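# Descriptive analysis of the structure
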Amino acid sequence: QVQLVESGGGLVQVGGSLRLSCVASGSTFSIAFMAWYRQAPGKQRELVAGISSGGATNYADSVKARFTISRDNAKNTVYLQMNSLKPEDTGVYYCNAVRVGSQTLHYWGQGTQVTVSS
C-alpha cells in the first residue's frame, strides 16, 4: 500500500503562485511514476503534470511554461510549483502514484483545493 498526503493548496489571486507538495509513505520502493491531476467543478479529472522515477516530465498544454513538477526521491515527495495562476486553474488537485510490479496499481491522495480569484 502507498499513502499520499497533499498540502499547499489555498486561495490566491490571479497571477499569484502556489507550491503543492505530496508525501508518499508505505511501499514506495516501486513507485515508477507520480503525477498531479485536478478536477474542476462539473468537469472530469485531468492530468496536469507527471514525472517518472528517472525525472522525465510531461505537462498538460494548458500549464506548460507556468507549472513545474519536481521530485525528491530521498524524501518520497513530489512538488508542483504553480506560477502565473489563472481562474481556470481552480480545482481540487490530487496526487497520484503508479506502482509497478506483478501488477500496476494507482494510488490517490485526498486532494487539496486551489482557488484562483480574479
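What this report covers is the structure whose coordinates are included nearby. Keep in mind the model is a prediction, meaning the values are calculated, not measured.

This part takes up the pattern of salt bridges. A side chain with one charge may pair with a side chain of the opposite charge, provided their charged atoms come close. Under the criterion given, the structure shown has four salt bridges. For glutamate 46, the salt bridge goes to arginine 38, with nearest N and O atoms at 2.7 Å. Judged by its relative accessible area of 6%, arginine 38 falls in the buried class. Across the pair arginine 66 and aspartate 89 runs a salt bridge whose closest N-O atoms are separated by 2.8 Å. Here arginine 66 is found in the loop between strand 6 (57–59) and strand 7 (67–72), whereas its partner aspartate 89 is found in the loop between strand 8 (77–82) and strand 9 (91–99), with 23 residues between them in sequence. For the pair arginine 66 and aspartate 89, one class covers both residues: buried. Taken together, the salt bridges that share partners define one network made up of Arg38, Glu46, Arg66 and Asp89.

Residues Leu4, Met34, Trp36, Leu80, Met82 and Tyr93 are the most contacted members of the largest nonpolar core, which totals 27 residues. Here this core takes four residues from strand 3 (residues 18–26), the largest share from any one element. Those residues in contact with leucine 4 that sit more than four places away from it in its chain are Cys22, Val23, Ala24, Met34, Cys95, Asn96, Ala97, Tyr107, Trp108, Gly109 and Gln110.

Let us look at the state of the cysteines. Using the criterion set out here, one finds one disulfide in the structure. Between the sulfur of cysteine 22 and that of cysteine 95 lies a disulfide, 2.1 Å long from S to S. Across the S-S bond linking cysteine 22 and cysteine 95, the dihedral sits near -85 degrees, which makes this disulfide left-handed. Taken together, the residues span a long stretch of sequence, with cysteine 22 in strand 3 and cysteine 95 in strand 9 at a distance of 73 residues. Given a relative accessible area of 0%, cysteine 22 falls into the buried group. On the accessibility criterion, cysteine 95 (0% relative accessible area) is buried.

Reading the values: rules and limits
- Residues numbered from 1 in each chain as written.
- Predicted model: local features only at pLDDT ≥ 70, side-chain atom pairs only at ≥ 80, totals over all residues.
- Heavy atoms only, no water.
- Salt bridge = Lys/Arg side-chain N within 4 Å of Asp/Glu carboxyl O.
- Buried < 20%, exposed > 50% of the residue type's maximum accessible area, 1.4 Å probe, protein only.
- Helix = DSSP H or I, 4+ residues; strand = E, 2+ residues; numbered from the N terminus.
- Core = buried A, V, L, I, M, F, W, Y, C linked by side-chain atoms within 4.5 Å.
- Contact = heavy atoms within 4.5 Å.
- Disulfide = S-S within 2.5 Å.

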